[in-house]
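These are the residues of each chain, in order.
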Amino acid sequence: MGEVYQAYDERLRRHVAIKRIHAAAGDDPQRRARFEQEARLLAQLVHPAIVQVFDIFDDETGDWVVMELVEGRTLAALLEHGPLGVDDVLRYGHAIAAGLDAAHRQGIIHRDLKVENVMLSNTGQIKILDFGLAKRSPNGDASSAALSSEGQVLGTVRAMSPEQARGLAVDERSDLFSLGVLLYELLARVTPFSGTTPVATVLRVTTDRQRSLVELPGMAVRIPHALSALVDQLLEKAVEQRPASAAEVRDHLQAMAESRAAMTSAGAPVTERWAAPAGSHPGRMEPRDQDTQISSSNLAAPGPPQRDRETEIELGPTALRVPPAGLPPATPRRWRRRLVMAVLGAALAGSAIVVGAGALRPAPADASLATPVAAPLPSAAPQGALASARDPRAEYERGMTLLRNYHRPGAVDEAAGIFQRLLRDDEASAPGYAGLARAYWVRSTFTDASQDAMFLQQARAAADRAVALDEFLVDGRVSHGLVALQLGQEAQAERDFQAAIALDGKSADAFHGEALLRKHQQRLDEAEAAFRKAIELAPGARDLYDDLGGLQVQRGKYQDAIPLFEHSIALAPDSPYGYSNLGAVYLLQGRYADAAQRFQDALKIRPLSSLYSNLGTVLFAQGLYGPAANAFERALAMGGAANSAVYWGNLADAYRQLPEADQAREAYDHAIRLFDAELAQSPQDLTLRSRRVLDLAKRGDCQRAGDGLASMIDASDAPAYAVFRMAVALEICGQRQRAITTLERALASGFSPAEIGNDPELRALRADPGYLRMIDRRGQPPVTTGSHSGR
């Protein structure tokens, strides 16, 4: 029952994996009820380190799970080439622990965590696969329904906890034991418990104590004792002696990683890799040939798409493509309820349209290992030049020029390759680290991977190293400040930018960083002054005009923003951003035809998720809610955009105007969770807070929306758009008079009257005499065309 199938959507050109998890078992009402609950539980797991499950469906052959397709290598495949370095293990372990913590907080236990069920994607991201044996935690829902057959010992014997091996009740700490096995195997390339038979292995799991990592031959000098002690604690037989939670393990691993980074910055030697312990056989983990799986469910990611002739079937607001054999009869009924929204707007990158398993062919068993793991930012420049033939300063400047033109395809990757070569030539090159940090920062901020925290963490490590090597290097301080600002560390960012300006009062990058900081702090006059200083120093920098234009939009000065975006287009006609930004201003002014034309101009250069979202807003503004939903779905299906709270909120707004109430609530729930995560780093950000409050109100949770409003309604520094969102939330929650007063405040801050007149949530308010008196008092004609509230 381990077949893995693939589905392919021609329109999105994306794939998913489909796998059978149960054989057909008749029309058992209890199994059907549990099966429905499984789908709901698995759909809750939305985390960058967890493969997204989109749906579970059944046909005459059995039960099937539809999941995100991940291309890369499993950790088991990586181990075929030897044990992993400590730094890699800390990073991978941190990501796995964070994913387990997310699952455990949803009340779900994995029960089959092992190196075969964790993949390193081709983009360098850890993905926990296959929650097919997952079970509702006894600390979660009272039903405690297992997502597998009841009354059996399920899992992989070498990796299961003692209580799981004995068939006893398990909780979250069972997964922690399995995590200990996984870390042990990554570091030592041997498993801590192995017998000559499955029964012997079970006995060792339940009774024997493992040999500590530092006790293995040659390992004491290579593995930190603190890491060995943590693994030993994870492998305790008694549940209560293990760490209390996955979050605790995550924090321990993070602290160790930071300690090692500090040692590296201080010049202390840190070993990255080592030979396998004496007696291990190269090429495999011993004794893998003796390992036996019991009802395990191992995902092998599908390979290239099956390019059969395709037909279309209408399902909800989008057209799904399926092979000619068609779908099982029961599938559309089950999918319509929750799958259409979830698949196109998957919570992780790589989502796709899904089709029934009965029409598909199995994928090759080793398809997931076909593509080598790619470096996060591979070099696009020619290789082989001698280090002595390169001028480090000229190479560095070439890399920075590429980064300033990050809108050009391949520019960021090529720049990163340059900085990586500088570091290969000179391991103590502060400019190399400063440039690499900037490349990762650009990747984490402006590209399709912008929601991937991995790149920001890499930027942080490189920036820390640059400053440690040379605290007087201006570009190093700027890179450090940009990363700190992205991480919500405003005080550190301010120290860095001020130091950079003091070191070089003619650094446009330093003033640009200062402007971004002041904008983030809502000190808008200071932000504008810093932007203009940066433009004075670098009048040919396209992004400075775009950023200053964005600030003017934030202040409601649309007419001031237009020439800035036009200048950006003149400087870089090959960049989609100037066109997109100009279109956004036209959209805010109610100039929908002009806006659509600018967005189309940008699309001719490069498709961006923001463009599809903006096009969706144009459609929404004209009352075309179905096509708008399709555009928002398309935006969410691109790259890392599915981790954007704003895009989820936009999609929910469209569903709210359609007979898709359940899907709207689900989309709002995604948006609110993502806003909560962003606010954990920037708790005072009024833009984020107002967006969250509005989504809570639209979702129907006026209690929580009211709590959020109470904490910010009187904020004098709230941007005009934030004030407008608060007004809409007040109207939705039945506070008409306060909504009108707040709208007047938004207008006084420069907010567009067209936006108020074009919001479908304000239809009733616009007919209220109090609103009409307010408009008349301000000398503004009422505008009522029925559009989209601003996000």
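Just above sits the structure.
A.B. asks: Could you give an account of the overall build of the chain, naming the residues involved and the relevant values?
C.D. replies: The secondary structure content of the chain amounts to 32 helices and 13 strands. Expressed as a percentage of the 791 residues in the chain, the buried residues total 58%. Sequence separation of 24 or more characterises 67% of the internal contacts of the chain that already satisfy a separation of 6 or more. As displayed, the chain has an accessible area near 30400 Å², and 52% of this comes from carbon and sulfur atoms.

A.B. asks: How would you sum up the state of the cysteines? Please name residues and give values.
C.D. replies: Within the structure shown, the criterion is met by one disulfide. What pairs with Cys702 in a disulfide is Cys733, and their sulfur atoms sit 2.1 Å apart. Here the disulfide of Cys702 and Cys733 is left-handed, its torsion about the S-S bond being about -90 degrees. Placement of Cys702 in helix α27 (residues 702-710) and of Cys733 in the loop between α28 (720-732) and α29 (736-748) is noted, with a sequence separation of 31 residues between them.

A.B. asks: Which residues make up helix α24 (residues 645-656), and what values do they have?
C.D. replies: Taking 1.5 Å of rise per residue, the twelve residues of α24 would be expected to cover 16 Å, and the 16 Å separating its terminal C-alpha atoms lies within 8% of that figure. In terms of burial, α24 is largely enclosed, as eleven of its twelve residues are buried.

A.B. asks: Provide a residue-level description of the packing of helix α17 (residues 524-537) against helix α18 (residues 542-554), including the pertinent values.
C.D. replies: Pairs of packed helices are described in terms of their axes, by the angle between the two and the distance that separates them. One can describe the packing of α17 onto α18 by two numbers: an axis separation of 10 Å at closest approach and a directional angle of 160 degrees. Classed by the angle they form, the pair α17 and α18 counts as roughly antiparallel. Pair α17 / α18 crosses with left-handed handedness. Side by side, α17 and α18 meet where Leu524, Ala527, Glu528, Phe531, Arg532, Ala534 and Ile535 of the first sit next to Leu544, Tyr545, Asp547, Leu548, Leu551, Gln552 and Gln554 of the second.

A.B. asks: Summarise the sheet that holds strand β7 (residues 118-121); cite the residues concerned and give the values.
C.D. replies: In any sheet, the strands associate via hydrogen bonds between backbone groups, in a parallel or an antiparallel arrangement. Across the sheet, three strands lie side by side as β5-β7-β8; this open sheet has antiparallel pairing. Looking along the sheet, the strands with just one partner apiece sit at the ends: β5 (72-74) and β8 (126-128). If you compare each strand with its neighbour and ignore which way they point, the axes differ by 30 degrees on average. Against the sheet, helix α3 (residues 86-105) engages β7 and β8, with an angle of about 40 degrees to β8.

A.B. asks: Residues and numbers for the packing of aromatic side chains, please.
C.D. replies: What the rule picks out here adds up to seven aromatic pairs. Ring centres 4.9 Å apart and planes at 70 degrees place the aromatic pair Phe620 and Tyr625 in the edge-to-face group. Across the pair, Tyr625 and Phe620 agree in class, each one buried. On the basis of an interplanar angle of 20 degrees and a centroid distance of 4.4 Å, the ring pair of Phe724 and Phe751 is categorised as stacked. In this pair, Phe724 is assigned in helix α28 and Phe751 in the loop between α29 and α30 (753-757), connecting sequence segments 27 residues apart. Exposure class is identical for Phe724 and Phe751. Each is buried. An aromatic cluster of three or more residues is present, and its members are Tyr721, Phe724 and Phe751.

A.B. asks: Hey, could you go over the packing of α28 against α29 for me, with residue numbers and the actual values?
C.D. replies: Here α28 crosses α29 at 165 degrees, and the two axes come no closer than 8 Å. On the basis of the axis angle, α28 is roughly antiparallel to α29. Pair α28 / α29 crosses with left-handed handedness. Residues Ala720, Val723, Phe724, Met726, Ala727, Leu730 and Glu731 of α28 pack against Arg736, Arg738, Ala739, Thr742, Leu743, Arg745 and Ala746 of α29. Of the residues in the contact of α28 with α29, the class split is nine nonpolar, one polar and four charged.

A.B. asks: Give a description of α27 that names residues and reports values.
C.D. replies: Of all the positions in α27, only Ala705, Gly708 and Leu709 are classed as buried. Down the axis of α27, the buried side of the element spans an arc of 100 degrees, and every buried residue falls inside it. Pointing more than 90 degrees away from the buried face of α27 are the exposed residues Gln703 and Ala710. Buried residues along α27 sit in contact with α26 (686-699) and α28.

A.B. asks: Outline the pattern of salt bridges, supporting the account with residue identities and numerical values.
C.D. replies: Counted under the stated rule, the structure contains 41 salt bridges. With a shortest N-O distance of 3.4 Å, Arg250 and Asp101 are connected by a salt bridge. In this pair, Arg250 sits in helix α8 (residues 246-265) while Asp101 sits in helix α3, placing the two residues 149 residues apart along the sequence. The shortest N-O distance in the salt bridge between Arg598 and Asp601 comes to 2.7 Å. Of the two residues, Arg598 and Asp601 both sit in helix α21 (residues 592-605), three residues apart, roughly one turn of that helix. Across this residue pair, the class does not change: Arg598 and Asp601 are buried.

Cut-offs applied
Residues numbered from 1 in each chain as written. Predicted model: local features only at pLDDT ≥ 70, side-chain atom pairs only at ≥ 80, totals over all residues. Heavy atoms only, no water. Helix = DSSP H or I, 4+ residues; strand = E, 2+ residues; numbered from the N terminus. Buried < 20%, exposed > 50% of the residue type's maximum accessible area, 1.4 Å probe, protein only. Contact = heavy atoms within 4.5 Å. Areas by Shrake-Rupley, 256 points an atom, 1.4 Å probe, with all protein chains shown as cover. Disulfide = S-S within 2.5 Å. Expected span 1.5 Å × (residues − 1). Axes fitted to C-alpha atoms, helices over the stretch in contact; angles between N-to-C directions. Parallel < 35°, antiparallel > 145°, perpendicular 65-115°, else oblique. Left-handed = near helix turned anticlockwise from the far one by under 90°. Pairing = 2+ DSSP bridges. Phe/Tyr/Trp six-rings, centres within 6.5 Å; stacked < 30°, edge-to-face > 60°. Nonpolar A, V, L, I, M, F, W, Y, C, P; charged D, E, K, R; others polar. Arc of directions from axis to C-beta. Salt bridge = Lys/Arg side-chain N within 4 Å of Asp/Glu carboxyl O.

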